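As a plain string of letters, each chain reads:
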Amino acid sequence: GAAGKWMSWGLKTLSDTATKVADDISQTEFAKETEKFAQAAEAAVVSTADHVARGTEQALEVVTTHVSKIGQDIQPTVDAVEARATDFAEKAQPKFKEAGETAKKSIWGALGNA
């Protein structure tokens, strides 16, 4: 009835007033300055992020280049060590075989004399 209409009218009036106040606030100098500040802050954050990304990318390139160079620099040494180890193993094999044969003979000889 009448109370419902009055409540409906009251809520509509309240809603209209709140909308008008929000519109008025958005029109104020403070709101405009705040928006400008927010835009400037956003631009600064984006700019800083871009600088950090570029710096990180450049640092990664430098590290990658140095690691690659180190690998190239030590490869001849690695190759030389590998060649020496292979040569040593080839030369030592007959001596190890001979030592094994001598050990067998000594063991069998010791067992035969026991």
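Only a predicted model underlies this, so the values are computations on that prediction, with no experimental measurement involved.

About the criteria used
Residues numbered from 1 in each chain as written. Predicted model: local features only at pLDDT ≥ 70, side-chain atom pairs only at ≥ 80, totals over all residues. Heavy atoms only, no water. Helix = DSSP H or I, 4+ residues; strand = E, 2+ residues; numbered from the N terminus. Rg over C-alpha atoms; globule rule 2.2 N^0.38 Å. Buried < 20%, exposed > 50% of the residue type's maximum accessible area, 1.4 Å probe, protein only. Areas by Shrake-Rupley, 256 points an atom, 1.4 Å probe, with all protein chains shown as cover. Lys, Arg positive; Asp, Glu negative; His and termini not counted. Charge placed at Lys NZ, Arg CZ, Asp CG, Glu CD. Salt bridge = Lys/Arg side-chain N within 4 Å of Asp/Glu carboxyl O. Patch = residues over 30% accessible without salt bridge, like charges linked within 9 Å, V, L, I, M, F, W, Y side chains within 5 Å.

Novice: Now, about the overall build of the protein chain: what can you tell me, with residues and values included?
Specialist: Of the regular secondary structure elements, the protein chain holds two helices and zero strands. By the compact-globule yardstick of 13 Å for 114 residues, the protein chain is too spread out, its C-alpha radius of gyration being 44 Å. The C-alpha extent of the protein chain, read off along each of the three principal axes, is 130 × 45 × 15 Å. Buried residues in the protein chain amount to 1% of all 114 residues. Here the protein chain displays about 10200 Å² of accessible surface, and carbon together with sulfur accounts for 66% of that area. The averaged location of the 17 negative side-chain charges in the protein chain is 8 Å from the averaged location of its 13 positive side-chain charges.

Novice: Residues and numbers for the pattern of salt bridges, please.
Specialist: For the coordinates displayed, the defined rule picks out three salt bridges. Measuring nitrogen to oxygen at the nearest pair gives 3.2 Å for the salt bridge that ties Lys69 to Asp73. Of the two residues, Lys69 and Asp73 both sit in helix 2 (residues 29-113), four residues apart, roughly one turn of that helix. The exposure class assigned to Lys69 is partly exposed, which follows from its relative accessible area of 48%. Here Asp73 falls in the partly exposed class, since its relative accessible area comes to 44%. For Lys91, the salt bridge goes to Asp87, with nearest N and O atoms at 3.2 Å. With Lys91 and Asp87 both in helix 2, this residue pair falls four residues apart, about one helical turn. The exposure class of Lys91 is exposed, given its relative accessible area of 56%.

Novice: Please give an account of a nonpolar patch on the surface that cites residues and values.
Specialist: On the surface, a cluster of nonpolar side chains totalling about 260 Å² of accessible area is made up of Ile70, Ile74 and Val78. Examined against the element boundaries, Ile74 turns out to sit in helix 2. Look at Ile74 and you get partly exposed, because its relative accessible area is 46%.

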